[in-house]
Amino acid sequence: MLVSTPPPHAEKMFRRFLHQPLVSQCIIFLGLWASYYLSSFFEIEETGFFVISFVNAFMVATLFHRGIFALPAIFLAMLTHGLFASDLRWNEVLLFSCVLPIAPALTTFAYNHITLRIRQRSVPLKAGIYFFLFAIVLPIFNASLLFLVASTSVIDVDTPFIFFSSISIELTHLVITPLMYVALVYVFRDHADAYMRLDRQVFEKNLTPWTYYLWLTLSLGLVGISIFIPYSLLLFSICFFLLILVFMGLGRYGILRPMVVGAIVTLVLVYEAVIWVNNTNDIDENFLGLLEVLILFSVLAYIQGSDSIRSFMLNQERLKKERIDPYTGLYNLAQLKEDLSHIDEPVLVYLDLKVTMQNLTGIGHTGQAQFLRQLTKHFFTAQPSILRFYRPPFSVGLIYIESLKPDMNDDLVAISDLCDNFQFFWQGTSISLFSHTLHCCKLSNKDNVEETISVFCDQPTFHDHKIRWFDDSDLSSHKFLRLNSVQRALRENQFELYCQPYRNLKDPDAISSSFEVLLRLKQDNANPLQPDEFFPMINEFGLEATLDKWVIAHTFEMLATQLNNWDLVNRCAINLTAKSLGDEGLSDFVIQKAKALSIPLYKVCFEITESSAIENESLTIATVHALRKAGCKIALDDFGTGYASFSYLRRIPINVLKIDGEFVRNLPSNDADQLIVQSVQLLAENMRLTTVAEYVETDKHAHILTHLGIDFAQGFGIAKPRPLREHIRALNGE
């Protein structure tokens, strides 16, 4: 989905000029003459062969780049150079000009033929094929042709020349030819070359600036020193240390940069060695050993470079599968976070498509995915500044990012116009984009981008505004982040069920357990959020009924699947808010859920909190009656501190009275609180209600409550909240 910015018009014209047949032939012709000149620095005068043959390298590089169309210029350059710049006779020149290009040409065409037809078109595999053909097959092929030439009476070619020529070709094509090809790509302005793009991707992916500049400085510094050191042990030591640096840089800093350093080191060593041989007129074992070592280093470099590329490509494939939706081709937030790290002043733009996608529900997921593909392609074609589109989770729309610029609003207007002009083609018909809103936000804090985006994309659709700007400081406020945490927790089941057991004050030895189900909100690498931290958000945004149903469903499921014996449970208390009691479908939901999971509802007690007023009292009473008829117990929570305690007690049929902790906390030292608790106990006894005292913090509290006749005690002095899963395991004896 990445699209490159088109080159300027002048560059297009210059590239078109370079690719004209006559111009390209002239460039190849002049390049081959220059290659002869460069090769002369590496010529062994005694045998007349080039240890490093820039001629052969340039020949293969041009055949790679221009194909068979490079042959006329190659033949003409070799012919003219042989006639005007060598001591060969005209028949020898003609023979060499016709024969020498055969092996490189056929090997290059064989490489292209093989790589075009293999199913697995990976760069490491192509590198392996290149190594086999140009480091093994081509030297043998070239030696065979030279032996064939030697068998004629036209020219005299001895065996040492053929041997050294084969070594030269192997070293040349391992070290020089790839860089010659890169040079041709730059000359002809082919910046879209796949190998160069891959090198840049590897370089940018693994780049750590300070280590790269340290490596580059050290490498160039040692190269500069080695140029002025004659053929000696010191030169060998420096150059071999440089080759170690090359191995360290391969893959870490791309492929081309280490290859350039390696090529320079090889040229310096060979050049000094050639001067030594020409001065002494002796090709000794040390010289041959040096060539063998350099070939070995080149082979190892190919192996390491291929392995680095293979690892990079496998990693890219893995990331592609992880970060790109295969149906829509859109990137996820992981890719967005990485891309944001490369932008100084990023602006998030969210294209809200809620209304549009609702109108497209009839075409199914396949049609909607096709819609998104056509829409993003429409944008990429008309707006090249957009590099990627991202799809935020749990939102219906698209995100893209741009750097902040003065004419940003003009771009947004253009994007909005593109939306208005877009036509979606589906099964022979076309429809326009029904409705859209562009939400824009300058992102000043990249640390909490997931939270910001989640809230940002949850903004309501504004039908009267097509472009709206938000401040990410508002989006990232405590209130919005808490809301987002709760919403995401409901969607992704991030809430965690806890419970707090009671103590049976009338029967301390009772086996069955009574407990109240509590709720916590899990956080990554942090303690769970307490209810007082997220319940205000629940109340403010009207999510009480949804959350209560979540608790009921998950409590029932956990008890049904993990509890071994229901005789171990006396009462499982679950809180219900006033909003839930006003839901006419609540009782049916509870009964159907209990029936599906075989939950004995006489073991379940629903606690009605008295901390908020009941909005629809008649519906609440009907819900309570339905739950009691199904077998549930009903408890009135926070008794004594709410809106209409005794009024609720008279009108709502309950079974359990929970005494608010306000009257229990100071019980050992406050006689008035003891009188209040005793009065509540007498009231409950006369109404045949069970009593539960909250906030029991010590055994002294429990002793007083027992003396006052309270049935159950709840609080930190009895038992601290624990995960419901652990409590069930304890009941099971695990």
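Residues numbered from 1 in each chain as written. Predicted model: local features only at pLDDT ≥ 70, side-chain atom pairs only at ≥ 80, totals over all residues. Heavy atoms only, no water.

### Some words on the confidence of the model for the chain
- For the chain, per-residue confidence averages 82 on the pLDDT scale, and 87% of positions sit at 70 or higher.
- Here helix 20 (residues 472-475) is the element of the chain with the lowest mean pLDDT, 56, and strand 18 (residues 712-713) is the one with the highest, 94.
- Here residues 1-7 is modelled with pLDDT under 50, and outside its nearest four sequence neighbours on either side it reaches 15 contacts, counting other chains as well. (pLDDT = per-residue confidence, 0-100. Helix = DSSP H or I, 4+ residues; strand = E, 2+ residues; numbered from the N terminus. Contact = heavy atoms within 4.5 Å.)

### Here we look at the pattern of salt bridges
- In the structure shown here, the tally under the stated rule is 13 salt bridges.
- With its nearest N and O atoms 2.9 Å apart, the salt bridge here joins Asp307 to Arg310. Of the two residues, Asp307 and Arg310 both sit in helix 14 (residues 285-323), three residues apart, roughly one turn of that helix.
- When its relative accessible area of 40% is taken as the criterion, Arg310 is described as partly exposed.
- Through salt bridges with shared partners, a single ionic network connects Glu516, Glu607, Lys658 and Glu694. (Salt bridge = Lys/Arg side-chain N within 4 Å of Asp/Glu carboxyl O. Buried < 20%, exposed > 50% of the residue type's maximum accessible area, 1.4 Å probe, protein only.)

### Here we look at the side chain of Thr623
- As for its position among the elements, Thr623 is in helix 26 (residues 617-629).
- Setting aside its immediate chain neighbours within four residues, Thr623 contacts Leu581, Asp583, Leu586 and Ser587.

### So, the environment of Val175
- Along the chain, the position of Val175 falls in helix 8 (residues 159-175).
- Sequence-wise, Val175 and Ala263 are 88 residues apart; in three dimensions their C-alpha atoms are separated by 5.7 Å.
- Excluding residues within four positions of it along the chain, Val175 makes contact with Ala263, Thr266 and Ser298.

### Details of the state of the cysteines
- For the structure shown, the criterion picks out zero disulfides.
- With no disulfide of its own, Cys632 lies closest to Cys605 among cysteine sulfurs, the gap being 8.7 Å. (Disulfide = S-S within 2.5 Å.)

### Remarks on the packing of aromatic side chains
- Counted by the stated rule, this structure contains 32 aromatic pairs.
- Ring geometry for Phe64 and Tyr181: centres 6.3 Å apart, planes at 75°, overall edge-to-face. Note that Phe64 is positioned in helix 3 (residues 54-66) and Tyr181 in helix 9 (residues 177-187), a separation of 117 residues in sequence. Pair check on accessibility: Phe64 and Tyr181 agree, each one buried.
- Taken together, a centroid distance of 5.8 Å and an interplanar angle of 50° make the contact between Phe247 and Phe297 tilted. Of this pair, Phe247 sits in helix 12 (residues 233-249) while Phe297 sits in helix 14, placing them 50 residues apart in sequence.
- Residue class for Phe297 comes out partly exposed when judged on its relative accessible area of 22%.
- Taken together, the ring pairs in this structure connect Phe64, Tyr111, Tyr130, Phe131, Phe134, Tyr181 and Tyr302 into an aromatic cluster.
- When the ring centre of Phe203 is taken as reference, the NZ or CZ atom of Arg257 above it lies at 3.7 Å. (Phe/Tyr/Trp six-rings, centres within 6.5 Å; stacked < 30°, edge-to-face > 60°. Lys NZ or Arg CZ within 6 Å of the ring centre and 35° of its normal.)

### Details of unusual backbone geometry
- At Arg688, a position not held by glycine, the phi torsion is positive, near 60°.
- Considering the arrangement of structural elements, one finds Arg688 in the loop between helix 28 (671-686) and strand 17 (690-693).
- A positive phi angle is found at Tyr695, which is not glycine, with a value near 60°.
- Mapping Tyr695 onto the fold places it in the loop between strand 17 and helix 29 (699-708).

### Quick word on the packing of helix 23 (residues 544-562) against helix 25 (residues 586-597)
- It is at 10 Å that the axes of helix 23 and helix 25 come closest, and there the two elements cross at 15°. Classified by the angle their axes make, helix 23 and helix 25 are roughly parallel. Two packed elements cross with a definite hand, and for helix 23 against helix 25 that hand is right-handed. On helix 25, the residues touching Lys549, Ile552, Ala553, Phe556, Glu557 and Ala560 of helix 23 are Leu586, Phe589, Val590, Lys593, Ala594 and Leu597. (Axes fitted to C-alpha atoms, helices over the stretch in contact; angles between N-to-C directions. Parallel < 35°, antiparallel > 145°, perpendicular 65-115°, else oblique. Left-handed = near helix turned anticlockwise from the far one by under 90°.)

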